[in-house]
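Inside the fold
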Amino acid sequence: MNILAIESSCDETAVAIVKNGNEIISSEVASQIKTHEVFGGVVPEIASRQHCEIIDNLTKLCIKNSKLKINEIDCIATTFAPGLLGSLLVGVNYAKGLSFSLKKPLVAVHHLRSHIAANYLTHKNLKPPFLALIISGGHSNIVKVNDYCKFEPISKTYDDAVGEAFDKVARTIGLSYPGGAKLEKLAKNGNELSFKFPKPKIKNSELDFSFSGLKTAVINTLHNHKQKNKKINLADLAASFQLTVCKIINEKVEMTIKKLKMKKLVVAGGVCCNEKIRNSLKTLADQNGVEIFMPNKSLCQDNAAMVGAQAFFEFKNGKIASLNLNAVANLPINYI
Ligand code: KG4
Ligand code: ZN
């Protein structure tokens, strides 16, 4: 089954064709980073306008590169939630138009479910149940995946998402948006033991994340040095921040693995591009006798191939959307 999938939840317009949930036939991603960089973050109105401008040509390019005929596409899928409403609406309405005109079923995909599904594209034999850690620009969640379409939220972030903390610290250091990958590069030349930053303590919800205290501590350290005219090594600062993030993530994941007695850990989301985080999670998994799965780095950040992967399982579960489908800005992963 060939699914044409669309992703437009934030600042990437993406179209892909995926066969049987785990084989990428073609995949196109048009990033808007250059546009938003000057503003230091995503401007929602500009994002949706750019999605509108490019989605049709990107879809044509994706179909051309797939070498498939239009009648070989069996199903249309789109991300419908969560995300920026104006951005989501572009993908949802374009997909509805395609589904109507081609007379093919429409499947609505939850963005976080698709991030997890990026792993089915990289690890063909991966099957639920497993524990999933989602670390992205908008989310930090641990979810128990009981089946392809059955999700049980375990923990979330109280404040900033981990990618958001990376981006905000990076911006204060002087790195342009999105700063996560640039901060990782800077940290490579730093001593991660130079600064000691706090790890969050959340009363009565020890599995939940919090990154805003850490973010503030790093930013305050930088400002204090500046006020006192003291020199600061930014690479050391970045490396120490990154190490603390690794420790926070590992601590929460280890507690959850032990509590729920899970044997498989799946990692997903843009922050999973971070080599230091990947390696520290691998070490943690080894120490706990847990099998670990992560997508290829090219599939960690927003793309449409992951949407096509999850759509296959939603379709098999009979989740066909109607042409009344609407975009939803906030929706839990275990929505009914
Ligand atoms: O999953 P994603 O593409 O979008 C969301 O759904 O949020 O994640 C984007 C996030 C950004 O915050 C970006 O800075 C972060 O992933 N990111 C990284 C790295 N590469 C991307 N953070 C840390 N280290 C990286 N190498
Ligand atoms: Zn995402």
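See the structure above.
A brief look at the structure comes next. (Residues numbered from 1 in each chain as written. Chains lettered and ligands numbered in written order. Predicted model: local features only at pLDDT ≥ 70, side-chain atom pairs only at ≥ 80, totals over all residues. Heavy atoms only, no water.)

1. Some details on the pairing of strand β1 (residues 2–7)
The side chains of a regular strand alternate between the sheet's two faces. Let me state the cut-off plainly: Under the scheme applied here, a residue whose accessible area is under 20% of the maximum for its type counts as buried, over 50% as exposed, and between as partly exposed, the area being computed with a 1.4 Å probe on protein chains only. Numbered from the N terminus, helices here are DSSP runs of H or I no shorter than four residues, and strands are runs of E no shorter than two. Strands are labelled as partners when DSSP assigns at least two bridges between them.
Of all six residues making up β1, six are buried, and the element is well covered by its neighbours. Neither face of β1 is exposed, since N2, L4 and I6 on one face and I3, A5 and E7 on the opposite face are all buried. Relative to strand β2 (residues 12–19), β1 runs antiparallel, the two sharing six bridges. In the sheet register, I6 faces β2, and the bridge partner there is V15. Remark: four residues form the turn of the hairpin made by β1 and β2, two consecutive strands paired antiparallel. In this sheet, strand β4 (residues 75–81) lies alongside β1 in parallel orientation, the contact comprising four bridges. From the neighbouring strand, I3 faces β4, where its bridge partner is C75.

2. Notes on the pattern of salt bridges
The following threshold applies: Any Lys or Arg side-chain nitrogen located within 4 Å of an Asp or Glu carboxyl oxygen qualifies as a salt bridge.
Using the criterion set out here, one finds 14 salt bridges in the structure. Here K156 and D208 are joined by a salt bridge, their closest N and O atoms 3.6 Å apart. With a gap of 52 residues between them, K156 in the loop between β8 (150–155) and α5 (162–173) and D208 in the loop between α6 (180–187) and α7 (212–227) connect regions that are remote in the sequence. Salt bridges linked by common partners bring D160, E164, K168 and K215 together as one network.

3. So, the sheet that holds strand β9 (residues 264–268)
Strand pairing in a sheet relies on backbone hydrogen bonds, with the paired strands running either antiparallel or parallel. Operational definition: Lines fitted to C-alpha atoms define the axes here, with helix axes fitted over just the stretch in contact, and angles between the N-to-C directions of these axes take values from 0 to 180 degrees.
Taken in spatial order, the five strands make up an open sheet running β8-β7-β6-β9-β10, and their pairing is mixed. Looking at which strands have only one partner, the edges of the open sheet turn out to be β8 and β10 (291–293). Going across the sheet, the axis of each strand differs from the next one's by a mean of 25 degrees, ignoring polarity.

4. What about the site of ligand 1?
Put simply, the rule is: By convention in this text, a residue qualifies as near a molecule or strand provided that one of its non-hydrogen atoms is within 4 Å of it. Computed by Shrake-Rupley with a 1.4 Å probe, the accessible areas treat only the displayed protein chains as cover when residues are assessed. All amino acids are sorted into three groups, where Ala, Val, Leu, Ile, Met, Phe, Trp, Tyr, Cys and Pro are nonpolar, Asp, Glu, Lys and Arg are charged, and the leftover types, Gly among them, are polar.
What surrounds ligand 1 is a group of 20 residues, the closest being G137, G138, D167, E184 and G270. Protein chains bury 91% of the 560 Å² of accessible surface belonging to ligand 1 in isolation. Elements that contribute at least two residues to the shell around ligand 1 include exactly α4 (111–122), α5 and α6. Considering only residue class, the shell around ligand 1 consists of six nonpolar, eleven polar and three charged.

5. Describing unusual backbone geometry
The omega angle of the peptide bond from P128 to P129 is 10 degrees, so this bond is cis rather than trans. Among the secondary structure elements, P129 is positioned in the loop between α4 and β6 (130–135). With an omega dihedral of -10 degrees, the bond running from Y177 to P178 counts as a cis peptide bond. For P178, the position within the fold is in the loop between α5 and α6. Even without being glycine, K103 reaches a positive phi, approximately 55 degrees. Tracing the backbone through its elements, the reader meets K103 in the loop between α3 (85–102) and β5 (106–110). According to the relative accessible area criterion, K103 is exposed, its value standing at 72%. Even without being glycine, K261 reaches a positive phi, approximately 55 degrees. Tracing the sequence through the fold places K261 in the loop between α8 (234–260) and β9.

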